[in-house]
Amino acid sequence: MSTTMDRLPPKAFALICDHLLYSYAEPNTLVTLASTSRAFHEHALNTLWHILPSPGYNILVYTLPVDAWSAREINQPTASRSLWDDSPTLRTALSIVRRLVATDLTRLKHYSHRVKHIERPGRCALRRPSYTAPSFDVDSSVLQALVQILSELSDEILLPNIRTLDLEHPEGDQDILYPHLHTIYGPKLLRLTHHLVGLTPQNAHNILLASLARSSPYLQDLELLAPTPSWGGLSHHIVNFHRLVSIFTLGVSISPEALVHLATLDTLETLRVAIDFGSCEQLIAICRNAEGKGYFSHLVKLDFSHAYNLALPAAILRAISSPALRHISASVQFGKLTSQMIKELVESIALGQRWTSSLQSVEVQAPWLVPGEAVTFDALRPLLSYSALESVTVRAEGRYLFDDNDLNAMAAAWPSLRVLELGPNNADGPPKPRATLLGLVALAKGCPDLCSLTIAFDASLNRIPSARWELRPGLGFEQRTLTTLSVGRTAVDDPIAVAAFLSDVFPALRRIYSDHPVRWVGAPGADIGGIFDTHHGARWEGVADMYLPWFEEVRRQERTWAKERVLNSSYARAED
């Protein structure tokens, strides 16, 4: 006899199971559903096993015959835990106690083919509210036994349908796992994130990449988050990946040959890499001869870093042939920037006006500006023709000199701007910042979506025409998206008046940050400058924490009274 349940399409069962898993339902709800409903059985199992916490094979131990493994509870000593370690003190130690045979894998195979993703335990908990991350100490005997039996069975793979892998495992297992990666994780792997901090066996990472290139020919996303000396052979193996869509190497430099290989991939959309200082001149020469070679033809996001200067990122930008670049980030790891360096980079972006309709984000970072240097509007002027920009960031400690006319020009050129960061401006002494509170009003009117602003300005009230105070500083205009304002070392003499101005123009403003160093009066090393900074830092805290909420309440009351006056006037006219 046919029922309504029988008429549901398979996708409906899968959606119901997904909803139960990614909600606040009891953890055992899906288990109960799988064991009591024939219609839901397979779908519930697929959902339960869809994602496992890294490294994945630890959970599968429980599907082996009970006489093949042991689990014992151990208490992690409190003294061995760091102050920020919130992992459970009670952990489960898993180990294999006998040699595995082919028949031991029967039940394991029933579940392992359902696993598609392996994530770090913390990420699993974020995605699944009812999930409690298990705490395992997996003995190396587990991986050793699995690798041994799978190698004997030749064509068997532990997780044959894995798509994404966030690799995090005990540090002692690398010499076992890396050479046998192809026996644990299958050829359908599309995304690998390697997250390992600590010492690794000699040449272990090179073995991993060689194994990965051989076992995962369809790999699209590669993230290497373990900057250790043993990544020296990274560039040698990158040339073996031909379908990469995204590559991210944190702190690991790649060679010119590897970069040229990536440049020729017509699949590559995201490039986040660093280049070794010794390769700079060679790569600049390659980029100068890139015309007509179609380098980076489909690139969408570029995040490029160099040890000491921006010359190489600028050269890379000139070599890009993609017509749809949306995000550009260039950073210097250890050197100091000048305004001219930033200008040359920006001119490389603006060369040929290639991305005027696509470019959304430009970011330039360095630890410091050269002493005595100041970033001015002239460095950013070539970007004014890029009307689609949503984020513009220049981040390096030093001095920034932008006036109200500059802010007016930015507001007119970038109507979609959401983030503008020009700083931190933590330079002391003259010249003072040139922009005023009126420049902020210009940004408010020209950039209705602006939500985060970093800029130092002159908060002196004598720069504001008296008419502005009589008619309201914003002349009745309100920008309701700005929530965060960073002011660098902007001095503030009248915090109540500044708060009144800001709350009138930016009624949604909630957070204000300053870079004034806070020192207690009389503390060792305190001087007049320190006391000065302490006063201004405390005043900005008062603006954010005390005065803005006061004025917000006043504005709310004013709006309530205005509505009441309108209603009373309407009633009076109706009676007449």
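Thresholds applied
- Counting restarts for each chain: residues are numbered from 1 in the order of the written sequence.
- Side-chain atom pairs in this predicted model are given and counted only at pLDDT of 80 or more, local residue features only at pLDDT of at least 70, and totals for whole chains, interfaces and linings cover all residues.
- Water and hydrogen atoms were dropped before computing side-chain values, which therefore reflect all heavy atoms in the structure.
- Here a strand is any run of E in DSSP of at least two residues, a helix any run of H or I of at least four, and the numbering for each starts at the N terminus.
- Only protein chains enter the accessibility calculation, which uses a 1.4 Å probe; a residue is then buried when its area is under 20% of its type maximum, exposed when over 50%, and partly exposed in between.
- The criterion used for residue contact is that any of the two residues' heavy atoms lie within 4.5 Å.
- The accessible surface values rely on the Shrake-Rupley method and a 1.4 Å probe; as for residues, cover is taken only from the protein chains in view.
- Think of pLDDT as the predictor's per-residue confidence, scored from 0 to 100.
- By convention in these notes, a salt bridge is any Lys or Arg side-chain nitrogen within 4 Å of a carboxyl oxygen on Asp or Glu.
- Definition used in this section: a nonpolar core is a set of buried Ala, Val, Leu, Ile, Met, Phe, Trp, Tyr and Cys residues joined via side-chain atoms within 4.5 Å.

### Some thoughts on the overall build of the chain
For step 1, the next point in the chain: Counting its regular elements, the chain contains 22 helices and 21 strands.
For step 2, the next point in the chain: Residues counted as buried form 48% of the 576 residues belonging to the chain.
For step 3, the next point in the chain: Residue pairs in contact within the chain that sit at least 24 positions apart in sequence constitute 79% of those at least 6 positions apart.
For step 4, the next point in the chain: About 27700 Å² of surface is accessible on the chain, with carbon and sulfur atoms providing 55% of the total.

### So, the environment of Leu268
For step 1, the next point in the chain: Within the secondary structure, Leu268 is located in the loop between α13 (256-263) and β10 (270-275).
For step 2, the next point in the chain: Since its relative accessible area comes to 1%, Leu268 is described here as buried.
For step 3, the next point in the chain: On a C-alpha basis, the gap between Leu268 and Arg243 in space is 7.6 Å, while along the polypeptide they are 25 residues apart.
For step 4, the next point in the chain: Not counting chain neighbours up to four residues away, the residues in contact with Leu268 comprise Leu244, Val245, Ser246, Ile247, Leu262, Phe296, His298 and Leu299.

### Here's the deal with the confidence of the model for the chain
For step 1, the next point in the chain: Of all residues in the chain, 80% attain a pLDDT of 70 or more, and the chain-wide mean is 82.
For step 2, the next point in the chain: Per-residue pLDDT, averaged within each element of the chain, yields its smallest value for helix α7 (residues 121-127) (58) and its largest for helix α18 (residues 404-413) (97).
For step 3, the next point in the chain: Scored below 50 in pLDDT, residues 526-532 makes seven contacts in the model with residues more than four places away or belonging to other chains.

### A short note on the pattern of salt bridges
For step 1, the next point in the chain: Taken as a whole, this structure holds 13 salt bridges when the rule is applied.
For step 2, the next point in the chain: The partner of Arg99 in a salt bridge is Glu152, with the nearest N and O atoms 2.3 Å apart. Taken together, the residues Arg99 in the loop between β3 (90-96) and α6 (106-112) and Glu152 in helix α8 (residues 140-152) connect sequence positions 53 residues apart.
For step 3, the next point in the chain: Arg395 serves as the salt-bridge partner of Glu421, at 2.6 Å between the closest nitrogen and oxygen. Pair noted here: Glu421 is in strand β18 (residues 419-422) and Arg395 is in strand β16 (residues 391-397), with a separation of 26 residues, a long-range link.
For step 4, the next point in the chain: Here the salt bridges share partners, and the residues they tie into one network are Asp67, Arg98 and Asp104.

### Points about the nonpolar core
For step 1, the next point in the chain: Core analysis: the biggest nonpolar cluster contains 157 residues, and Tyr185, Leu259, Leu271, Phe296, Leu420, Leu502 and Ile512 have the highest contact counts within it.
For step 2, the next point in the chain: When residues of this core are assigned to their parent elements, the largest contribution, seven residues, is made by α8.
For step 3, the next point in the chain: Those residues in contact with Leu502, other than ones at most four positions away along the chain, are Leu437, Leu440, Leu485, Pro507, Leu509, Ile512, Trp540, Val543 and Leu548.

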